[in-house]
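One letter stands for each residue in the lines below.
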Amino acid sequence: KARDSFIAGIASGIAQNSPQDAAKFVANLPAGEAQNSAVSRVASAWAYADPQGAATWVSSFPEGSARDNATQSILSSWSNNDPTAAGKWLATIPAGKAQEQAVQSYISSTSWQYPQLAAPWAETIQEPNQRNSSLENIARQWLDSDPAAAKIWLAKTSLPEDRKQRLLKNAQ
């Protein structure tokens, strides 16, 4: 565990100066937790400076936890700097478990500041409890910042009526 963390730290340090060199370093690590952790750290550092470059790099990975975790790291960073571009990239991720996780990351990063960008993604979540929870979180944020727009959106969501009414009541 300590060794994995140390290796990820080295990769992250390299990524601060040259994400491409860090990517080469990570590619030569043996598959496993150390590589997965390093991939995530490199993706996050790379996404800060060049999110499209990081996204292209991660998109070339085979399906699996390294790709999924790196995708979430990129979305988290990218969403804070350019949520519209991050959302466009999110739309290119194939449907499935990886996209569901990426959607959650995007919503977590954007809902507090850009609920109107997070809102459409919440409706794509397949698991009903998770979808409703995301919709409620977005609604709370949006009702605080732009009640009129939030109310129009909330009326159109798949959220159960009793939950909509509770949100509206609490927003007053």
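Scroll up a little and you will see the structure.
Attention in this report is confined to the structure presented alongside it. (Residues numbered from 1 in each chain as written. Predicted model: local features only at pLDDT ≥ 70, side-chain atom pairs only at ≥ 80, totals over all residues. Heavy atoms only, no water.)

The next point concerns the packing of helix 8 (residues 115-122) against helix 9 (residues 128-145). Where helix 8 contacts helix 9, the axes come no closer than 10 Å and their chain directions differ by 160°. In terms of orientation, helix 8 lies roughly antiparallel with respect to helix 9. Between helix 8 and helix 9 lies a crossing whose hand is left-handed. Along the contact surface, helix 8 presents P115, Q116, A118, A119 and A122, while helix 9 presents R131, S134, L135, I138, W142 and S145. Looking at the contact of helix 8 with helix 9, its residues break down into 7 nonpolar, 3 polar and 1 charged. (Axes fitted to C-alpha atoms, helices over the stretch in contact; angles between N-to-C directions. Helix = DSSP H or I, 4+ residues; strand = E, 2+ residues; numbered from the N terminus. Parallel < 35°, antiparallel > 145°, perpendicular 65-115°, else oblique. Left-handed = near helix turned anticlockwise from the far one by under 90°. Contact = heavy atoms within 4.5 Å. Nonpolar A, V, L, I, M, F, W, Y, C, P; charged D, E, K, R; others polar.)

With that settled, the discussion passes to the packing of aromatic side chains. Throughout the structure, instances matching the rule amount to 5 aromatic pairs. Relative to W57, the ring of W46 lies with its centre 5.4 Å away and its plane at 35°, an arrangement referred to as tilted. Taken together, the residues W46 in helix 3 (residues 33-49) and W57 in helix 4 (residues 51-59) connect sequence positions 11 residues apart. Each of the two residues, W46 as well as W57, counts as buried. Judged by centre distance (4.8 Å) and plane angle (80°), the ring pair of W57 and F61 falls under edge-to-face. (Phe/Tyr/Trp six-rings, centres within 6.5 Å; stacked < 30°, edge-to-face > 60°. Buried < 20%, exposed > 50% of the residue type's maximum accessible area, 1.4 Å probe, protein only.)

All right, on to the layout of surface pockets then. Reported here for the largest pocket is a volume of approximately 230 Å³. Around the largest pocket sit 14 residues that line it, and R67, D68, I93, P94 and A98 are the ones nearest its centre. At the level of elements, helix 4 and helix 5 (65-81) are the ones that each hand at least two residues to the lining of the largest pocket. Examining the composition of the lining of the largest pocket, we find that 3 residues originate from one element, helix 5, more than from any other. When grouped by side-chain class, the residues that make up the lining of the largest pocket number 6 nonpolar, 5 polar and 3 charged. (1 Å grid on protein atoms, 1.4 Å probe; cavity = no way out; pocket = protein on both sides within 12 Å on 5 of 7 lines; lining within 4 Å. Points joined across faces, edges and corners; volume = space filled by probe spheres on them.)

Looking now at the pattern of salt bridges. Scanning the entire structure with this criterion turns up 3 salt bridges. Ionic pairing is found between R163 and E136, a salt bridge with its closest N-O pair at 3.3 Å. In this pair, R163 is assigned in helix 11 (residues 161-171) and E136 in helix 9, connecting sequence segments 27 residues apart. Connected through shared salt-bridge partners, E136, R140 and R163 make up one network. (Salt bridge = Lys/Arg side-chain N within 4 Å of Asp/Glu carboxyl O.)

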